[in-house]
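Chain by chain, the residues:
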Amino acid sequence: MRLADVRGRIAKACEAAGRDMNDITLIAVTKTRPASDVRLLSELGLRDVGENRDAEAAPKAAQCADLNLTWHFIGQLQTNKCASVVRYASVVHSVDRLRLIRALGQAARRADRVVSSLIEVSLDGDPARGGAPAEQVPPLAEAVAAEPGLVLGGVMAIAPLGLAPAEAFARLLDSAAVVRAVRPSATVISAGMSGDLEAAVEAGATHLRIGTALLGDRGPRVR
Ligand SMILES: *Cc1c(COP(=O)(O)O)cnc(C)c1O
């Protein structure tokens, strides 16, 4: 567990950017890690947990149901997994198409839950890796805002390979402004992973998704 290191990096980046560390939420990405790691993070005071696969996240969240945690679903989401995901996730970071908005909204209403939804923006225009092209952000944001059971929360992106993170996150800010035009309180900017958290803080990220810098290598099999 390298929580002090990560908090130190965030503090330094905030100082360089003239930002308040309290404006940044650290999400511990616990994919491939056992529920016991989640429990440890919780004991250290972390409240936000990120997972990218429902098959792994659902049982883990159930094992940690006694903890006061906010679960973030950060991976590509299939419509047939929505009913399961809304049972534990309060925030879905990977909303990138109309069909998913309808399915997620329906699942949230059936479960009597409200799900904060972030529009995932593809910064390199490669839809295979998830995320919507920037030009689709306005209609998707409108659709989320109009969908009962969902609340428009903001935007999310993964810095693409082959593009400097600073440039990628600068592009994300345009989409963040578009989303705030639809709902002014949709201020979440989920950007920054272990390798690029400094660039994300500099660009204005409000939520960082940190796995390996916190918990060590996941091993060669897992992306
Ligand atoms: C795994 C993952 C992360 C964390 O990545 P690290 O490089 O381990 O910090 C962040 N965001 C998403 C969407 C992920 O799948």
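Shown above is the structure to which this text applies.
These figures come from a predicted structure and were not determined experimentally.

Caption draft 1: Structural context of the overall build of the chain. Each helix and strand in the chain was counted, giving nine helices and eight strands. Rg of the C-alpha trace for the chain: 16 Å, near the compact-globule value of 17 Å for 223 residues, within the 12% margin. For the chain, the spread of C-alpha atoms along the three principal axes comes to 40 × 40 × 35 Å. Every one of the 223 residues in the chain was classed for burial, and the buried ones make up 51%. Of the contacts made within the chain by residues no fewer than 6 positions apart, 59% connect residues no fewer than 24 positions apart. If the 27 positive side-chain charges of the chain are averaged to one point and the 25 negative ones to another, these points end up 6 Å apart.

Caption draft 2: Looking closely at empty space enclosed by the protein. Enumeration according to the criterion identifies one cavity of 30 Å³ or more in this entry. Reported here for the largest cavity is a volume of approximately 70 Å³. Lining the largest cavity are Glu120, Val121, Ser122, Leu123, Asp124, Arg129, Gly130, Ile158 and Pro160. Classifying every residue of the lining of the largest cavity by side-chain character gives four nonpolar, two polar and three charged.

Caption draft 3: Spatial organisation of the site of the ligand. Every residue close to the ligand is listed here: Val29, Lys31, Asn52, Ile74, Ile158, Met193, Ser194, Arg209, Ile210, Gly211, Thr212 and Arg218. One of the side-chain nitrogen or oxygen atoms of Lys31 is found 2.6 Å away from an oxygen atom of the ligand. Within the complex, the protein chains bury 91% of what would otherwise be the 390 Å² of accessible surface of the ligand. Residue composition of the shell around the ligand, grouped by class: five nonpolar, four polar and three charged.

Caption draft 4: Fine view of the nonpolar core. The biggest cluster of nonpolar side chains holds 68 residues, and the ones touching the most others in it are Leu104, Leu208 and Leu214. With six residues, helix H5 (residues 98–110) is the single largest residue contributor to this core. When near neighbours in sequence (up to four residues on either side) are disregarded, Leu208 contacts Ile10, Ile24, Thr25, Leu26, Ile27, Ala191, Gly192, Leu197, Ala200 and Val201.

Caption draft 5: Summary view of the pattern of salt bridges. Enumeration according to the criterion identifies nine salt bridges in this entry. The partner of Asp66 in a salt bridge is Arg39, with the nearest N and O atoms 2.9 Å apart. In this pair, Asp66 sits in the loop between helix H3 (54–63) and strand E3 (70–73) while Arg39 sits in helix H2 (residues 35–43), placing the two residues 27 residues apart along the sequence. The shortest N-O distance in the salt bridge between Glu147 and Arg109 comes to 2.9 Å. Taken together, the positions of Glu147 in the loop between helix H6 (137–145) and strand E6 (150–156) and Arg109 in helix H5 put the pair 38 residues apart, joining distant regions of the chain. Relative accessible area serves as the criterion here: at 8%, Glu147 is assigned to the buried category. By relative accessible area, Arg109 is classed as partly exposed at 40%.

Caption draft 6: Expanded view of the packing of H5 against H6. Viewed as axis vectors pointing N to C, H5 and H6 meet at an angle of 15°, and their least axial separation amounts to 10 Å. As the angle between them shows, H5 and H6 are arranged roughly parallel. For the pair H5 and H6, the sense of crossing is right-handed. Of the residues in H6, those touching H5 at Leu98, Ile101 and Arg102 are Leu140, Ala143 and Val144. Across the contact of H5 with H6, the residue classes tally to five nonpolar, no polar and one charged.

Parameters at a glance
Residues numbered from 1 in each chain as written. Predicted model: local features only at pLDDT ≥ 70, side-chain atom pairs only at ≥ 80, totals over all residues. Heavy atoms only, no water. Helix = DSSP H or I, 4+ residues; strand = E, 2+ residues; numbered from the N terminus. Rg over C-alpha atoms; globule rule 2.2 N^0.38 Å. Buried < 20%, exposed > 50% of the residue type's maximum accessible area, 1.4 Å probe, protein only. Contact = heavy atoms within 4.5 Å. Lys, Arg positive; Asp, Glu negative; His and termini not counted. Charge placed at Lys NZ, Arg CZ, Asp CG, Glu CD. 1 Å grid on protein atoms, 1.4 Å probe; cavity = no way out; pocket = protein on both sides within 12 Å on 5 of 7 lines; lining within 4 Å. Points joined across faces, edges and corners; volume = space filled by probe spheres on them. Nonpolar A, V, L, I, M, F, W, Y, C, P; charged D, E, K, R; others polar. Near = heavy atom within 4 Å. Polar contact = N/O pair within 3.5 Å; in protein donor to acceptor, adjacent residues only side chain to side chain. Areas by Shrake-Rupley, 256 points an atom, 1.4 Å probe, with all protein chains shown as cover. Core = buried A, V, L, I, M, F, W, Y, C linked by side-chain atoms within 4.5 Å. Salt bridge = Lys/Arg side-chain N within 4 Å of Asp/Glu carboxyl O. Axes fitted to C-alpha atoms, helices over the stretch in contact; angles between N-to-C directions. Parallel < 35°, antiparallel > 145°, perpendicular 65-115°, else oblique. Left-handed = near helix turned anticlockwise from the far one by under 90°.

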